[in-house]
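Below are the chains, spelled out letter by letter.
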Amino acid sequence: MIKEEDIDRAITLIHRARRVFFFGVGASMLTAMKAMNKFMRIENKVFCIQDSHMQAMVASMMGPGDVAMVFSYSGATKDTIHVAELAKQAGAKIICLTRFVKSPLTSFSDITLLSGANEGPLQGGSTSAEISQLFLVDLIYTEYYRRYFEQCSVNNEKTSGSVLEKLC
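All residue numbers refer to positions counted from 1 along the written sequence of the respective chain. Residue-level local features of this predicted model are given only where pLDDT is at least 70; pairs of side-chain atoms are given and counted only at 80 or more, and the full residue set underlies all totals for whole chains, interfaces and linings. Hydrogens and water are ignored here; the side-chain numbers use all heavy atoms of the structure.

Caption draft 1: Summary view of the environment of Tyr 145. Inspection of the secondary structure assignment puts Tyr 145 in helix H5 (residues 127-147). Under the relative-accessibility criterion, Tyr 145 is labelled buried at 16%. In sequence terms Tyr 145 and Phe 39 are 106 residues apart; their C-alpha atoms lie 9.3 Å from each other. Once residues lying within four places of it in the same chain are set aside, the contact partners of Tyr 145 are Ile 42, Cys 152, Ser 153 and Asn 156. Segments assigned H or I by DSSP are reported as helices when at least four residues long, segments assigned E as strands when at least two residues long, and all are numbered from the N terminus. Throughout this description, buried means an accessible area under 20% of the type-specific maximum (1.4 Å probe, protein chains only), exposed means over 50%, and partly exposed covers the range between. Any two residues whose heavy atoms approach within 4.5 Å are treated as being in contact.

Caption draft 2: Examining a nonpolar patch on the surface more closely. There is a patch of nonpolar side chains on the surface, built from Ile 2, Phe 135 and Leu 139 and spanning about 260 Å² of accessible area. Mapped onto the elements, Leu 139 comes out in helix H5. What makes Leu 139 partly exposed here is its relative accessible area of 31%. A residue counts toward a patch only above 30% relative accessible area and without a salt bridge, and it is joined to like-charged neighbours within 9 Å or, for Val, Leu, Ile, Met, Phe, Trp and Tyr, to nonpolar neighbours within 5 Å. Values of accessible area rely on a 1.4 Å probe in the Shrake-Rupley scheme; residue burial ignores everything except the protein chains shown. In the sections that follow, a salt bridge refers to a side-chain nitrogen of Lys or Arg positioned within 4 Å of a carboxyl oxygen of Asp or Glu.

Caption draft 3: Fine view of the pairing of strand S3 (residues 66-71). Most of S3 sits inside the fold, with 6 of its 6 residues counted as buried. A two-sided burial pattern is seen for S3, the buried positions comprising Asp 66, Ala 68 and Val 70 on one face and Val 67, Met 69 and Phe 71 on the other. Two strands pair when backbone bridges link them, and strand S1 (residues 19-23) and S3 are joined in this way by 5 bridges, in the parallel orientation. What sits directly across from Phe 22, in S3, is Met 69. Paired strands are those between which DSSP finds at least two bridges. In this structure, S3 lies alongside strand S4 (residues 93-98), joined through 5 bridges in parallel fashion. Across the sheet, residue Ala 68 finds its bridge partner in S4, namely Ile 94.

Caption draft 4: Examining the sheet that holds S1 more closely. Across the sheet, 5 strands lie side by side as S2-S1-S3-S4-S5; this open sheet has parallel pairing. For this open sheet the edge positions go to strand S2 (46-48) and strand S5 (111-114), each flanked by a neighbour on one side alone. Neighbour-to-neighbour, the strand axes of this sheet turn through a mean angle of 20 degrees, independent of strand direction. Helix-sheet contacts for helix H2 (residues 27-40) involve S1, S2 and S3, and the interaxial angle to S2 is about 155 degrees. Only C-alpha atoms enter the line fits that serve as axes; for helices the fit covers just the stretch in contact. Angles between N-to-C directions range over 0 to 180 degrees. Set on the sheet, helix H4 (residues 78-89) makes contact with S1, S3 and S4; between it and S3 the angle comes to about 165 degrees.

Caption draft 5: Structural context of H5. Here the expected length of a helix is defined as 1.5 Å per residue gap, with one fewer gap than residues. Under the 1.5 Å per step criterion, the end-to-end length of H5 is 30 Å for 21 residues, consistent within 8% with the ideal 30 Å. Listed as buried for H5 are Ala 129, Glu 130, Ser 132, Gln 133, Leu 136, Val 137, Ile 140, Tyr 141, Glu 143, Tyr 144 and Tyr 145. On its buried face, H5 is in contact with helix H1 (4-16), H2, S3, S4, S5 and helix H6 (149-162).

Caption draft 6: Summary view of the pattern of salt bridges. On inspection of all chains with the given rule, the structure shows 9 salt bridges. We note a salt bridge from Asp 66 to Arg 19, for which the minimum N-O separation is 2.8 Å. Highlighted residues: Asp 66 in strand S3 and Arg 19 in strand S1, separated in sequence by 47 residues. Look at Asp 66 and you get buried, because its relative accessible area is 1%. The structure contains a network of salt bridges with shared partners spanning Asp 8, Glu 143, Arg 146 and Arg 147.

Caption draft 7: Here's a closer look at the side chain of Glu 130. Tracing the chain through its elements places Glu 130 in helix H5. Here a polar contact is taken to be a pair of N or O atoms separated by no more than 3.5 Å, where protein atoms must pair a possible hydrogen donor with a possible acceptor and residues adjacent in sequence count only if both atoms sit in side chains. Within the structure, Glu 130 has its side chain in polar contact with the side chain of Lys 34 (distance 3.0 Å). For Glu 130, the residues in contact, after removing those within four places along its chain, are Leu 30, Thr 31 and Lys 34.

This is the structure in structure tokens:
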């Protein structure tokens, strides 16, 4: 299900972006927050807004040069679709991480990355669905770091040093 060219295009979009916003609701918000946490160590242009109303406001103010990475297992969550639609209308590029290639969300997507885990109707927020999304995040992060190693290592050293005193 993973297409190497889509991963490559996603990495290029993130690298060239002015700002990158990670969006999701419910269990997918947890994945969006983890994605932001990883990328914040190596990039200063990443954000994750948790409130759905604020997500809509931010999405409406995005523009060309911005990237929205939108997480939704089903691809059918109203708030997430709304954010993708607003960001797209504003001129941002949209990367969707979802399970279903034909979903309302993917109609706004420039790049669709499919996560492979199946989730039953009573398993909302299943660990296997979360892990499959996190695997894609980790794949993108690791390859991003490898491609832009010099700057990523400098930034990683800075961010690691900034919290060093927090350790016992």
